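# Overview (structure and organization)
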Amino acid sequence: MSITNQHIDTLIEHCKTGNQSAQLEVYNRYYKAMYNTSFRIVKNSFEAEDIMQDSFLTAFTKLETLKDVKTFGAWLKRIVINNSIQHFNKNSKYEDVPYDTVMYKIEDTYVDDNQDETSKQRAKFVLDGMNTLKDNYRIALTLHLIEGYDYEEISSIMNVSYANCRTTISRAKESLRQKLQKVV
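The structure presented is a predicted model; accordingly, all values stated were derived computationally and were not measured.

For the rest of this paragraph, the subject is the overall build of the protein. When you go through the protein residue by residue, the secondary structure sums to 8 helices and 0 strands. Secondary structure elements in the protein, listed N-terminal to C-terminal, are α-α-α-α-α-α-α-α. Among the 184 residues that make up the protein, the fraction classed as buried is 38%. Contacts spanning at least 24 positions in sequence make up 60% of the contacts within the protein whose residues lie at least 6 apart.

Attention now goes to the side chain of T142. By the element assignment, T142 lies in helix α6 (residues 135–146). The class for T142 is buried, based on a relative accessible area of 3%. At 2.8 Å, the side chain of T142 forms a polar contact with the backbone oxygen of R138.

A separate point is the nonpolar core. One finds I41, I81, I85, L141 and L143 to be the most contacted residues of the largest nonpolar core, which totals 24 residues. With residues up to four places along the chain from it excluded, the contact list for I85 reads I41, I139, L143 and I157. Counting 19 residues, the second-largest nonpolar core is a separate cluster that includes I12, Y30, L66 and V69.

So, on to the packing of aromatic side chains. Any aromatic ring pair is given by two values, namely how distant the centres are and how the planes are angled relative to each other. The tally for this structure, following the rule as stated, stands at 7 aromatic pairs. Here the aromatic cluster, defined as three or more aromatic residues joined through ring pairs, consists of Y27, Y31, F56 and F60. Taking the ring centre of Y137 as reference, the NZ or CZ of K134 above it sits at 4.7 Å.

This part is about the confidence of the model for the protein. Taken over all residues, the pLDDT of the protein has a mean of 82, while the share at 70 or more is 84%. By mean pLDDT, helix α5 (residues 117–131) is the weakest element of the protein at 82, and helix α3 (residues 45–61) is the strongest at 93. Segment residues 94–111: pLDDT under 50, and 20 contacts once partners within four positions in sequence are set aside and those in other chains are kept.

Counted by the stated rule, this structure contains 8 salt bridges. With its nearest N and O atoms 2.8 Å apart, the salt bridge here joins D128 to K124. Taken together, the residues D128 and K124, both in helix α5 and 4 residues apart, mark about one turn of the helix. One salt bridge connects R138 with D135, and the closest N-O pair in it is separated by 3.4 Å. In this pair, R138 and D135 are both assigned in helix α6, 3 residues apart and thus about one turn of the helix distant. Residue classification places R138 among the buried residues on the basis of a relative accessible area of 1%. Judged by its relative accessible area of 31%, D135 falls in the partly exposed class. Three or more residues joined by partner-sharing salt bridges are found here, namely R40, K77 and E147.

Quick look at unusual backbone geometry now. Here K43, not a glycine, exhibits a phi torsion of approximately 60 degrees, which is positive. Counting through the fold element by element, K43 comes out in the loop between α2 (20–42) and α3. A positive phi angle, near 60 degrees, is found at N159, a position not held by glycine. Position of N159 relative to the elements: it lies in the loop between α7 (151–158) and α8 (162–183).

Attention now moves to the environment of F72. Looking at the secondary structure, you find F72 in helix α4 (residues 72–92). Classification of F72 as buried rests on a relative accessible area of 0%. Placed 64 residues apart in sequence, F72 and I8 show a C-alpha to C-alpha distance of 8.5 Å. Those residues in contact with F72 that lie beyond four places of it in its chain are I12, V26, Y30, L63 and L66.

Rules used in this analysis
- Residues numbered from 1 in each chain as written.
- Predicted model: local features only at pLDDT ≥ 70, side-chain atom pairs only at ≥ 80, totals over all residues.
- Heavy atoms only, no water.
- Helix = DSSP H or I, 4+ residues; strand = E, 2+ residues; numbered from the N terminus.
- Buried < 20%, exposed > 50% of the residue type's maximum accessible area, 1.4 Å probe, protein only.
- Contact = heavy atoms within 4.5 Å.
- Polar contact = N/O pair within 3.5 Å; in protein donor to acceptor, adjacent residues only side chain to side chain.
- Core = buried A, V, L, I, M, F, W, Y, C linked by side-chain atoms within 4.5 Å.
- Phe/Tyr/Trp six-rings, centres within 6.5 Å; stacked < 30°, edge-to-face > 60°.
- Lys NZ or Arg CZ within 6 Å of the ring centre and 35° of its normal.
- pLDDT = per-residue confidence, 0-100.
- Salt bridge = Lys/Arg side-chain N within 4 Å of Asp/Glu carboxyl O.

Shown next as C-alpha cells:
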C-alpha cells in the first residue's frame, strides 16, 4: 500500500520512526487547514506560513508525547493556535498599525469548491465583517465559530476567565451582528 493511501494512524506511527515521506504526507493532508487557522489569528500570510511550518516541526519532534494518535489533528491544531496567539501577542505589543492599512483577503481562506456562489458570497461577507472586529473579539469568535472550541478551551487559550470568555464571545457576536445589519 502506498504511503498516500494509508490511514492517519499508520502514517503517524511511520512519522515517529522518522519516515520523511510519511511526514510529507501528513503535512500535505493538514497544511491548508493549519495555515487558515493561523492566518485567521495573525492576519498575515507570510507569518501564518512560518507559524504553520514551525508548528509542524514542533509536532514532528514531539510526536512521542502524543498520547492517542487518533487525536493528532486536534493536537496539531492546538499547537498552531497556541503558536499563532503567542506570535500575535508578541507582535501586537510592538506594532501599532492603523487598521485602514491592513488588507484582508478572502482568497487566503479556504472555501469549499462545492459551495454555490451565494454561499461563498455570504461566507466572504461574514469573514470580512469578522475582520473588522476588535482583535480579541475576532480571535474569540474565530476560535468559537470557525475552529469549534468551547468556552472553557477558549478561556484557557486566551488566558482569560470562563465568564470573561463568555462575555467576550457574546459581545463579539452582537458587534458582528450590528456591523452586518448596517451593511445590509
